[in-house]
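# Reading the structure
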Amino acid sequence: MANLQQRLPENVPGDFFVDSSCIDCDTCSQIAPNVFRDHGEQCSVHSQPQTEAETQLAMMALVACPTGSIGTTEKHDAHLGIDAFPSHLDENVYFCGFTSESSFGAWSYLIVRPQHEGGNILIDSPRFATQLVKRIEKLGGVNLMLLTHRDDVADHELFREKFGCERVMHADDGAARFGVERIVSGEAALEIDKDLLLIPTPGHTRGHVVYLYKNKFLFTGDHLAWSPARETLTAFRSVAWYSWPRQIESMEKLAQHDFEWVLPGHGSIHHDTKPNMRYHLASCIAWMKTR
Ligand code: SF4
(Lines give C-alpha, C1' and ligand atoms only; values in the text may rest on other atoms or scores of the structure.)
Protein backbone atom coordinates (compact mmCIF):
# COMPACT_ATOMS: atom_id res chain seq x y z
CA MET A 1 0.00 0.00 0.00
CA ALA A 2 1.30 3.41 -0.92
CA ASN A 3 1.99 5.77 1.97
CA LEU A 4 0.44 9.25 1.73
CA GLN A 5 3.08 10.60 4.12
CA GLN A 6 5.70 9.64 1.54
CA ARG A 7 3.89 11.15 -1.44
CA LEU A 8 6.54 12.38 -3.88
CA PRO A 9 6.59 16.19 -4.29
CA GLU A 10 6.64 15.75 -8.10
CA ASN A 11 3.01 14.52 -8.05
CA VAL A 12 0.41 17.09 -9.08
CA PRO A 13 -2.18 17.71 -6.34
CA GLY A 14 -5.21 15.43 -6.27
CA ASP A 15 -6.42 11.88 -5.85
CA PHE A 16 -3.74 9.61 -7.40
CA PHE A 17 -0.14 9.78 -6.18
CA VAL A 18 3.16 7.85 -6.23
CA ASP A 19 5.18 7.47 -3.03
CA SER A 20 8.91 7.32 -2.43
CA SER A 21 9.09 3.51 -2.69
CA CYS A 22 8.85 3.73 -6.53
CA ILE A 23 11.67 1.78 -8.21
CA ASP A 24 11.25 3.53 -11.58
CA CYS A 25 10.24 0.46 -13.57
CA ASP A 26 8.04 2.64 -15.86
CA THR A 27 5.11 0.22 -15.79
CA CYS A 28 2.66 2.95 -14.75
CA SER A 29 3.86 5.49 -17.33
CA GLN A 30 3.38 2.89 -20.06
CA ILE A 31 -0.04 1.68 -18.95
CA ALA A 32 -1.42 5.15 -18.23
CA PRO A 33 0.81 7.74 -19.92
CA ASN A 34 -1.84 10.46 -19.58
CA VAL A 35 -1.58 10.16 -15.79
CA PHE A 36 1.95 8.98 -14.93
CA ARG A 37 5.33 10.07 -16.23
CA ASP A 38 8.94 9.33 -15.48
CA HIS A 39 10.24 12.59 -14.00
CA GLY A 40 13.84 11.38 -13.65
CA GLU A 41 14.72 8.57 -11.30
CA GLN A 42 11.13 7.84 -10.31
CA CYS A 43 7.60 8.18 -11.67
CA SER A 44 4.85 10.51 -10.50
CA VAL A 45 1.38 11.73 -11.44
CA HIS A 46 1.61 14.55 -13.98
CA SER A 47 -2.14 14.82 -14.58
CA GLN A 48 -5.02 13.43 -12.55
CA PRO A 49 -7.40 11.15 -14.52
CA GLN A 50 -10.07 13.20 -16.27
CA THR A 51 -12.29 10.45 -17.68
CA GLU A 52 -13.54 7.02 -16.62
CA ALA A 53 -11.20 5.42 -19.13
CA GLU A 54 -8.21 7.28 -17.64
CA THR A 55 -9.28 6.30 -14.13
CA GLN A 56 -9.43 2.66 -15.17
CA LEU A 57 -5.94 2.83 -16.70
CA ALA A 58 -4.64 4.51 -13.54
CA MET A 59 -6.19 1.70 -11.47
CA MET A 60 -4.58 -0.87 -13.78
CA ALA A 61 -1.23 0.83 -13.19
CA LEU A 62 -1.90 0.75 -9.43
CA VAL A 63 -2.51 -3.01 -9.59
CA ALA A 64 0.41 -3.69 -11.93
CA CYS A 65 2.95 -1.66 -9.89
CA PRO A 66 5.49 -4.12 -8.43
CA THR A 67 6.07 -2.17 -5.22
CA GLY A 68 2.59 -0.93 -4.32
CA SER A 69 3.87 2.62 -4.75
CA ILE A 70 0.68 4.06 -6.26
CA GLY A 71 -2.09 5.25 -3.98
CA THR A 72 -5.30 7.28 -4.00
CA THR A 73 -6.83 9.62 -1.44
CA GLU A 74 -10.35 8.77 -2.63
CA LYS A 75 -11.95 5.34 -2.53
CA HIS A 76 -12.00 3.37 -5.80
CA ASP A 77 -13.22 -0.10 -6.63
CA ALA A 78 -9.96 -2.10 -6.92
CA HIS A 79 -11.67 -4.47 -9.34
CA LEU A 80 -11.54 -1.72 -11.93
CA GLY A 81 -7.82 -2.52 -12.20
CA ILE A 82 -7.74 -6.14 -11.07
CA ASP A 83 -10.40 -7.43 -13.47
CA ALA A 84 -8.69 -5.79 -16.44
CA PHE A 85 -5.86 -8.35 -16.26
CA PRO A 86 -4.87 -10.35 -18.15
CA SER A 87 -5.43 -7.52 -20.59
CA HIS A 88 -6.14 -8.43 -24.20
CA LEU A 89 -3.59 -7.31 -26.82
CA ASP A 90 -4.45 -9.15 -30.04
CA GLU A 91 -5.86 -12.54 -31.09
CA ASN A 92 -5.17 -14.91 -28.16
CA VAL A 93 -2.34 -12.89 -26.59
CA TYR A 94 -2.69 -11.02 -23.28
CA PHE A 95 -0.56 -8.79 -21.03
CA CYS A 96 -0.55 -10.07 -17.42
CA GLY A 97 -0.02 -6.80 -15.47
CA PHE A 98 0.77 -7.65 -11.80
CA THR A 99 4.52 -7.18 -12.17
CA SER A 100 6.99 -8.42 -9.58
CA GLU A 101 9.65 -6.43 -7.73
CA SER A 102 12.08 -9.37 -7.99
CA SER A 103 12.10 -8.96 -11.79
CA PHE A 104 12.17 -5.14 -11.49
CA GLY A 105 8.63 -4.85 -12.79
CA ALA A 106 9.28 -6.88 -15.96
CA TRP A 107 6.21 -7.54 -18.09
CA SER A 108 4.84 -11.01 -18.75
CA TYR A 109 2.31 -12.32 -21.25
CA LEU A 110 -0.25 -15.09 -21.61
CA ILE A 111 -1.15 -17.01 -24.77
CA VAL A 112 -4.59 -18.55 -24.38
CA ARG A 113 -5.17 -21.79 -26.31
CA PRO A 114 -7.65 -24.63 -25.88
CA GLN A 115 -6.29 -27.78 -24.22
CA HIS A 116 -6.47 -29.72 -27.49
CA GLU A 117 -4.03 -27.18 -28.96
CA GLY A 118 -1.63 -27.60 -26.06
CA GLY A 119 -3.17 -25.22 -23.50
CA ASN A 120 -2.06 -21.85 -22.24
CA ILE A 121 1.45 -20.45 -22.27
CA LEU A 122 2.90 -17.94 -19.84
CA ILE A 123 5.87 -15.95 -21.12
CA ASP A 124 8.03 -14.89 -18.18
CA SER A 125 6.56 -14.70 -14.73
CA PRO A 126 4.14 -12.17 -13.31
CA ARG A 127 3.70 -11.71 -9.55
CA PHE A 128 1.92 -14.71 -8.03
CA ALA A 129 -1.04 -12.57 -6.92
CA THR A 130 -4.18 -14.46 -5.89
CA GLN A 131 -6.49 -12.32 -8.04
CA LEU A 132 -4.37 -12.84 -11.16
CA VAL A 133 -3.88 -16.56 -10.51
CA LYS A 134 -7.66 -17.02 -10.21
CA ARG A 135 -8.23 -15.23 -13.48
CA ILE A 136 -5.57 -17.30 -15.25
CA GLU A 137 -7.16 -20.43 -13.78
CA LYS A 138 -10.52 -19.39 -15.26
CA LEU A 139 -8.83 -18.98 -18.64
CA GLY A 140 -7.56 -22.58 -18.45
CA GLY A 141 -4.45 -22.40 -16.25
CA VAL A 142 -0.89 -22.68 -17.55
CA ASN A 143 0.54 -25.67 -19.47
CA LEU A 144 3.84 -24.17 -20.50
CA MET A 145 6.01 -21.39 -19.07
CA LEU A 146 8.60 -19.81 -21.33
CA LEU A 147 11.39 -17.95 -19.60
CA THR A 148 13.39 -15.44 -21.65
CA HIS A 149 16.28 -15.05 -19.20
CA ARG A 150 17.37 -15.26 -15.60
CA ASP A 151 16.25 -11.74 -14.51
CA ASP A 152 12.55 -12.16 -15.30
CA VAL A 153 11.76 -15.48 -13.63
CA ALA A 154 10.02 -13.85 -10.59
CA ASP A 155 7.50 -16.32 -9.10
CA HIS A 156 8.05 -19.11 -11.67
CA GLU A 157 8.23 -21.80 -8.95
CA LEU A 158 4.83 -20.86 -7.54
CA PHE A 159 3.24 -21.03 -11.01
CA ARG A 160 4.88 -24.42 -11.55
CA GLU A 161 3.52 -25.63 -8.19
CA LYS A 162 0.02 -24.33 -8.87
CA PHE A 163 -0.42 -25.36 -12.50
CA GLY A 164 2.22 -28.07 -13.01
CA CYS A 165 3.43 -26.20 -16.10
CA GLU A 166 6.61 -27.31 -17.85
CA ARG A 167 9.19 -24.50 -17.81
CA VAL A 168 11.53 -23.78 -20.72
CA MET A 169 14.81 -21.89 -20.38
CA HIS A 170 18.32 -21.80 -21.83
CA ALA A 171 21.08 -23.69 -20.04
CA ASP A 172 23.44 -20.70 -20.17
CA ASP A 173 21.16 -18.63 -17.91
CA GLY A 174 21.24 -21.12 -15.05
CA ALA A 175 18.14 -23.12 -16.05
CA ALA A 176 19.32 -26.16 -14.05
CA ARG A 177 19.77 -24.02 -10.93
CA PHE A 178 16.19 -22.74 -11.32
CA GLY A 179 14.93 -26.34 -11.52
CA VAL A 180 13.59 -25.87 -15.06
CA GLU A 181 12.15 -29.01 -16.69
CA ARG A 182 13.06 -28.35 -20.32
CA ILE A 183 16.55 -26.96 -20.71
CA VAL A 184 17.63 -25.88 -24.18
CA SER A 185 21.19 -25.25 -25.31
CA GLY A 186 23.15 -24.02 -28.31
CA GLU A 187 22.43 -21.07 -30.58
CA ALA A 188 20.13 -22.55 -33.21
CA ALA A 189 16.46 -21.57 -33.33
CA LEU A 190 14.24 -24.36 -32.07
CA GLU A 191 10.56 -25.10 -32.66
CA ILE A 192 9.35 -25.84 -29.13
CA ASP A 193 5.62 -26.00 -29.73
CA LYS A 194 3.09 -25.45 -32.52
CA ASP A 195 3.78 -22.08 -34.18
CA LEU A 196 6.31 -21.32 -31.48
CA LEU A 197 9.99 -20.74 -32.10
CA LEU A 198 12.67 -20.26 -29.45
CA ILE A 199 15.48 -18.05 -30.79
CA PRO A 200 18.67 -17.79 -28.69
CA THR A 201 19.75 -14.14 -28.40
CA PRO A 202 22.86 -13.94 -26.20
CA GLY A 203 23.82 -10.39 -25.25
CA HIS A 204 21.77 -8.99 -22.39
CA THR A 205 22.58 -12.26 -20.65
CA ARG A 206 24.47 -15.26 -21.98
CA GLY A 207 21.44 -17.52 -22.15
CA HIS A 208 18.85 -14.95 -23.23
CA VAL A 209 16.24 -16.20 -25.70
CA VAL A 210 13.23 -14.64 -27.43
CA TYR A 211 10.06 -16.48 -28.48
CA LEU A 212 8.29 -16.01 -31.80
CA TYR A 213 4.65 -17.08 -31.92
CA LYS A 214 2.79 -17.47 -35.24
CA ASN A 215 5.51 -15.45 -36.99
CA LYS A 216 3.67 -12.47 -35.56
CA PHE A 217 4.20 -12.04 -31.81
CA LEU A 218 7.81 -11.64 -30.68
CA PHE A 219 8.31 -11.92 -26.91
CA THR A 220 11.62 -10.16 -26.48
CA GLY A 221 12.49 -10.15 -22.75
CA ASP A 222 15.27 -7.59 -22.34
CA HIS A 223 16.70 -8.04 -25.84
CA LEU A 224 14.60 -5.60 -27.87
CA ALA A 225 11.90 -2.98 -27.23
CA TRP A 226 10.24 0.03 -28.80
CA SER A 227 11.59 3.49 -28.07
CA PRO A 228 8.75 6.06 -28.11
CA ALA A 229 11.36 8.86 -27.94
CA ARG A 230 13.25 7.70 -31.05
CA GLU A 231 10.17 6.13 -32.66
CA THR A 232 12.00 2.95 -33.58
CA LEU A 233 13.17 -0.33 -32.10
CA THR A 234 15.94 -0.17 -29.54
CA ALA A 235 18.18 -2.17 -27.21
CA PHE A 236 19.74 -1.23 -23.89
CA ARG A 237 23.53 -1.01 -23.93
CA SER A 238 23.81 -0.05 -20.23
CA VAL A 239 22.29 -3.40 -19.24
CA ALA A 240 24.04 -5.66 -21.75
CA TRP A 241 25.39 -7.70 -18.84
CA TYR A 242 26.97 -10.38 -21.03
CA SER A 243 28.14 -8.72 -24.26
CA TRP A 244 26.98 -5.82 -26.43
CA PRO A 245 28.79 -7.14 -29.56
CA ARG A 246 27.06 -10.52 -29.05
CA GLN A 247 23.74 -8.72 -28.64
CA ILE A 248 24.32 -7.02 -32.02
CA GLU A 249 25.03 -10.42 -33.59
CA SER A 250 21.86 -11.79 -32.03
CA MET A 251 19.92 -8.85 -33.42
CA GLU A 252 21.30 -9.56 -36.90
CA LYS A 253 20.18 -13.17 -36.56
CA LEU A 254 16.74 -12.01 -35.51
CA ALA A 255 16.47 -9.98 -38.71
CA GLN A 256 15.90 -13.29 -40.57
CA HIS A 257 12.48 -13.55 -38.93
CA ASP A 258 9.25 -11.69 -39.56
CA PHE A 259 7.07 -10.32 -36.78
CA GLU A 260 4.42 -7.67 -36.18
CA TRP A 261 4.45 -7.29 -32.42
CA VAL A 262 7.38 -6.59 -30.10
CA LEU A 263 6.37 -7.59 -26.57
CA PRO A 264 9.24 -6.78 -24.20
CA GLY A 265 9.93 -7.29 -20.50
CA HIS A 266 11.05 -3.68 -20.16
CA GLY A 267 10.46 -0.80 -22.55
CA SER A 268 7.44 -0.21 -24.75
CA ILE A 269 5.28 -2.62 -26.72
CA HIS A 270 4.95 -1.91 -30.43
CA HIS A 271 2.76 -3.19 -33.26
CA ASP A 272 3.36 -2.53 -36.95
CA THR A 273 3.42 -4.29 -40.31
CA LYS A 274 6.10 -6.89 -41.02
CA PRO A 275 7.92 -4.68 -43.57
CA ASN A 276 7.93 -1.76 -41.13
CA MET A 277 9.24 -3.97 -38.34
CA ARG A 278 11.99 -5.19 -40.67
CA TYR A 279 12.89 -1.56 -41.37
CA HIS A 280 12.93 -0.67 -37.65
CA LEU A 281 15.04 -3.70 -36.78
CA ALA A 282 17.60 -2.75 -39.44
CA SER A 283 17.68 0.82 -38.01
CA CYS A 284 18.15 -0.59 -34.53
CA ILE A 285 21.11 -2.73 -35.66
CA ALA A 286 22.74 0.24 -37.42
CA TRP A 287 22.22 2.37 -34.30
CA MET A 288 23.62 -0.35 -32.01
CA LYS A 289 26.82 -0.42 -34.04
CA THR A 290 27.38 3.27 -33.23
CA ARG A 291 27.08 2.78 -29.46
S1 SF4 B 1 4.78 1.08 -11.61
FE2 SF4 B 1 5.26 1.56 -9.48
S3 SF4 B 1 7.45 1.17 -9.25
FE4 SF4 B 1 7.02 1.21 -11.44
S5 SF4 B 1 7.45 3.33 -12.01
FE6 SF4 B 1 5.26 3.25 -11.53
S7 SF4 B 1 5.08 3.79 -9.38
FE8 SF4 B 1 7.23 3.31 -9.78
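The text that follows walks through the structure, step by step, so that each part is easy to find. Chains are numbered independently. Their residues run from 1 in the order of the written sequence. Predicted model: local features are reported for residues with pLDDT of at least 70 only, side-chain atom pairs are reported and counted for 80 or more only, and whole-chain, interface and lining totals are derived from all residues. With hydrogens and water excluded, all non-hydrogen atoms of the structure serve as input to the side-chain values.

## Overview of the sheet that holds strand β8 (residues 121-123)
- Strands pair, by our definition, only if DSSP identifies at least two bridges between them. Secondary structure elements follow DSSP: runs of H or I no shorter than four residues count as helices, runs of E no shorter than two count as strands, and numbering proceeds from the N terminus. Strand order in this open sheet of 7 strands is β5-β6-β7-β8-β9-β10-β11, and the pairing throughout is mixed. Taken across any chain shown, the strands that pair with only one partner, and hence form the sheet edges, are β5 (87-90) and β11 (182-184). For this sheet the average axis-to-axis angle between neighbouring strands, irrespective of direction, equals 25 degrees.
- In the sheet, β8 pairs with strand β9 (residues 144-146) via 3 bridges, with the strands oriented parallel. Bridge pairing in β9 links Ile121 to Leu144. Axes here mean lines fitted to C-alpha atoms, for a helix over just the part in contact, with angles spanning 0 to 180 degrees between N-to-C directions.

## Regarding helix α2 (residues 52-64)
- Take the number of residues in a helix, subtract one, and multiply by 1.5 Å to get its expected span. The end-to-end C-alpha distance of α2, which contains 13 residues, comes to 18 Å, matching closely the 18 Å that a straight helix rising 1.5 Å per residue would cover.
- Per-residue accessibility, obtained with a 1.4 Å probe over protein chains only, is compared with the maximum for each type, and a residue is labelled buried under 20%, exposed over 50%, and partly exposed between these values. Residues Glu54, Thr55, Ala58, Met59, Met60, Ala61, Val63 and Ala64 constitute the buried set of α2.
- Only heavy atoms matter for contacts: two residues are in contact if any of them lie within 4.5 Å across the pair. On its buried face, α2 sits against β1 (16-18), α1 (27-31), β2 (36-38), β4 (70-72), α3 (79-82) and β5.

## Regarding the nonpolar core
- Among the buried residues, those of types Ala, Val, Leu, Ile, Met, Phe, Trp, Tyr and Cys that are joined through side-chain atoms within 4.5 Å form a nonpolar core. If you look at the biggest cluster of nonpolar residues, it comprises 63 residues, and the most contacted ones within it are Phe36, Phe85, Leu146, Tyr211 and Phe219.
- A total of 6 residues in this core trace back to one element, the largest contributor, which is α2.
- Not counting residues within four places of it along the chain, the set of residues in contact with Phe219 comprises Val93, Tyr109, Ile111, Ile123, Thr148, Val210, Tyr211, Tyr213 and Leu263.
- Listed in part, the 20 residues of the second largest apolar core include Val210, Leu224, Leu254 and Val262.

## Considerations on the packing of helix α6 (residues 244-254) against helix α7 (residues 274-288)
- Packing of α6 against α7 brings their axes to within 10 Å, and their N-to-C directions diverge by 160 degrees. In terms of their interaxial angle, α6 and α7 are classed as roughly antiparallel. For α6 against α7, the interelement crossing comes out left-handed. Between α6, through Trp244, Gln247, Ile248, Met251, Glu252 and Leu254, and α7, the contact on the second element is made entirely by Leu281, Cys284, Ile285, Trp287 and Met288. Working rule for angles: under 35 degrees goes down as roughly parallel, over 145 as roughly antiparallel, 65 to 115 as roughly perpendicular, anything else as oblique. In a left-handed crossing the near helix is turned counterclockwise from the far helix by less than a right angle, and in a right-handed crossing that turn is clockwise.

## Remarks on the side chain of Glu54
- Position of Glu54 relative to the elements: it lies in helix α2.
- Apart from the residues lying within four places of it in its own chain, the contact partners of Glu54 are Asn34, Val35, Gln48 and Pro49.

## Side note on the environment of Asp152
- For Asp152, the position within the fold is in the loop between β9 and α5 (156-163).
- Using a relative accessible area of 1% as the deciding quantity, one classes Asp152 as buried.
- Through-space distance from the C-alpha of Asp152 to that of Ile123 is 9.6 Å; in sequence the pair is 29 residues apart.
- If we skip the residues at most four places from it in the chain, Asp152 touches Ser103, Ala106, Asp124, Ser125, Asp222, Gly265 and His266.

## Considering the site of the ligand
- Of all residues adjacent to the ligand, which total 14 residues, the nearest are Cys22, Cys25, Asp26, Cys28 and Cys65.
- Amino acids are sorted into nonpolar (Ala, Val, Leu, Ile, Met, Phe, Trp, Tyr, Cys and Pro), charged (Asp, Glu, Lys and Arg) and polar (every other residue, Gly among them). Taken together, the residues of the shell around the ligand break down into 9 nonpolar, 3 polar and 2 charged. Whether a residue is near a molecule or strand depends on its heavy atoms: it is near if one of them lies within 4 Å of it.

Taken by themselves, the reported measurements are silent on function.
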